[in-house]
Amino acid sequence: MTMLKFTKMHGLGNDFMMVDGISQPFDPAAAPIAAWADRRTGIGFDQLLLVERPARAGADFRYRIFNADGGEVEQCGNGARCFVKFIIEQGLSDKREIVVETAKGIIKPRMNDDGSVTVNMGAPTFVPEEIPFVLRGGETAGASSHIVVNGLDSAEMSMVGMGNPHAVMWVGDVDDAPVEGWGEALQRHPRFPERVNVGFMQVVDKTHIKLRVYERGAGETQACGTGACAAVVAGVRLNLLEAGADVRVDLPGGELTVSWQEGGEVMMSGPAVRVFDGEVAY
Ligand SMILES: N[C@H](CCC[C@H](N)C(=O)O)C(=O)O
């Protein structure tokens, strides 16, 4: 039996098991991550976040992300804010801004004097301007510019990469968006062989959206940092949001601030909370 120290943290209720893989040995392949993620019989979290020494020159740390279903993925925005707070509080660095290597590039989280965290999430990526499909009642049809389900007509699904894949839909009212139905259906759709995070964005005005996200490998979460970034990028590209402005992103768990303009990098700011330290045998 091995004892593993961990810290429970969250960003707007998107919650994490943080593991310092530098000060203690940890092989995620040998760990029962999905069992630990269970909210009744385990520790309970949306993602497990692992701190490792970097492989890339110039990076301070490597950041690995595992969803509640145990799958390793490329990026986690809320987790990045918790990551820098954890690094500082663990005494692993005395820097306030760190350079973090992820599976799909470099991010730079910075601890602000007021305790909030700002993260340069890097530049978004885009797939060819295709509108993938129409979903009616779970079936799929050919390509179309509109998607209709449950009578909800949502224009243009925007595909945005933030290291991880996002499909963002512009809806009239997030409170009655079919988050579970669509979120589930798109995980199985042939258009998304790696599955996908699905965002439902309601535009309040040019610097304010409401957002719900069905996360790949976790289901609907209280907040999704990369989802907030992807939604703002999609909104700016659709000219629904003001390029370069601080956009207020209202999520079920609270508020993030995201800014982006064409050709630039996405900046995201928000809270990071440490809840408790624990130890688990495995
Ligand atoms: N479910 C995501 C990873 C976590 C992203 C989210 N928790 C965030 O804050 O960005 C994926 O499979 O790509």
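Residues numbered from 1 in each chain as written. Predicted model: local features only at pLDDT ≥ 70, side-chain atom pairs only at ≥ 80, totals over all residues. Heavy atoms only, no water.

- The name given to the protein chain in an unreviewed UniProt entry is Diaminopimelate epimerase, with the source organism recorded as Conchiformibius kuhniae.
- As recorded by UniProt, the Subcellular location (unreviewed entry) comment attached to the protein chain reads in full: "Cytoplasm". (UniProt positions renumbered as here; feature names shortened; annotations may be inferred.)

**Looking at the UniProt feature "active site" (unreviewed entry) in the protein chain**
Thinking step 1. The sites that UniProt annotates as "active site" (unreviewed entry) are Cys76 and Cys224. For the residues just named, distributed over 149 residues, the greatest C-alpha separation is only 7.8 Å, placing them together at one site. Those annotated residues lining the largest cavity are, specifically, Cys76 and Cys224.
Thinking step 2. Along the chain, Cys76 falls in the loop between β5 (72-73) and α2 (77-90).
Thinking step 3. For Cys76, a relative accessible area of 6% translates into the label buried.
Thinking step 4. Position of Cys224 relative to the elements: it lies in the loop between β17 (219-220) and α4 (225-237). (1 Å grid on protein atoms, 1.4 Å probe; cavity = no way out; pocket = protein on both sides within 12 Å on 5 of 7 lines; lining within 4 Å. Helix = DSSP H or I, 4+ residues; strand = E, 2+ residues; numbered from the N terminus. Buried < 20%, exposed > 50% of the residue type's maximum accessible area, 1.4 Å probe, protein only.)

**With respect to the packing of aromatic side chains**
Thinking step 1. The tally for this structure, following the rule as stated, stands at 7 aromatic pairs.
Thinking step 2. Pairing Phe6 with Phe276 gives two aromatic rings, centres 6.1 Å apart and planes at 75°, and the pair type is edge-to-face. Separated by 270 residues along the polypeptide, Phe6 in strand β1 (residues 3-11) and Phe276 in strand β21 (residues 273-281) bring together distant segments of the chain.
Thinking step 3. The buried category is assigned to Phe6, whose relative accessible area is 5%.
Thinking step 4. Seen from their ring centres, Phe26 and Trp36 are 6.4 Å apart, and the 25° between their planes marks the pair as stacked. Taken as a pair, Phe26 in the loop between β2 (14-20) and α1 (33-37) and Trp36 in helix α1 lie far apart in primary sequence, 10 residues in all. Each member of the pair Phe26 and Trp36 is classed as buried.
Thinking step 5. Here the aromatic cluster, defined as three or more aromatic residues joined through ring pairs, consists of Phe26, Trp36 and Tyr282.
Thinking step 6. In this structure, Arg237 is placed above the aromatic ring of Phe126, and the distance from its NZ or CZ to the ring centre is 3.5 Å. (Phe/Tyr/Trp six-rings, centres within 6.5 Å; stacked < 30°, edge-to-face > 60°. Lys NZ or Arg CZ within 6 Å of the ring centre and 35° of its normal.)

**Quick notes on the site of the ligand**
Thinking step 1. In the neighbourhood of the ligand, 15 residues make up the surrounding shell, with Gly77, Glu215, Arg216, Gly225 and Thr226 lying closest.
Thinking step 2. Asn14 is positioned such that a nitrogen or oxygen atom in its side chain is 2.8 Å from a nitrogen atom of the ligand.
Thinking step 3. The contact in question runs from an oxygen atom of the ligand to an N or O atom on the backbone of Asn78, over 3.0 Å.
Thinking step 4. For the shell around the ligand, the secondary-structure elements that each account for two or more residues are α2 and α4.
Thinking step 5. Partitioning the shell around the ligand into residue classes produces 3 nonpolar, 10 polar and 2 charged. (Near = heavy atom within 4 Å. Polar contact = N/O pair within 3.5 Å; in protein donor to acceptor, adjacent residues only side chain to side chain. Nonpolar A, V, L, I, M, F, W, Y, C, P; charged D, E, K, R; others polar.)

**A closer look at the pattern of salt bridges**
Thinking step 1. Here the structure, examined in full by the defined rule, presents 17 salt bridges.
Thinking step 2. The shortest N-O distance in the salt bridge between Lys8 and Asp15 comes to 2.9 Å.
Thinking step 3. By relative accessible area, Lys8 is classed as buried at 11%.
Thinking step 4. Residue classification places Asp15 among the buried residues on the basis of a relative accessible area of 8%.
Thinking step 5. A salt bridge links Arg64 to Glu72; its shortest N-O distance comes to 2.8 Å.
Thinking step 6. On the accessibility criterion, Glu72 (41% relative accessible area) is partly exposed.
Thinking step 7. Salt bridges linked by common partners bring Lys8, Asp15, Arg39 and Asp46 together as one network. (Salt bridge = Lys/Arg side-chain N within 4 Å of Asp/Glu carboxyl O.)

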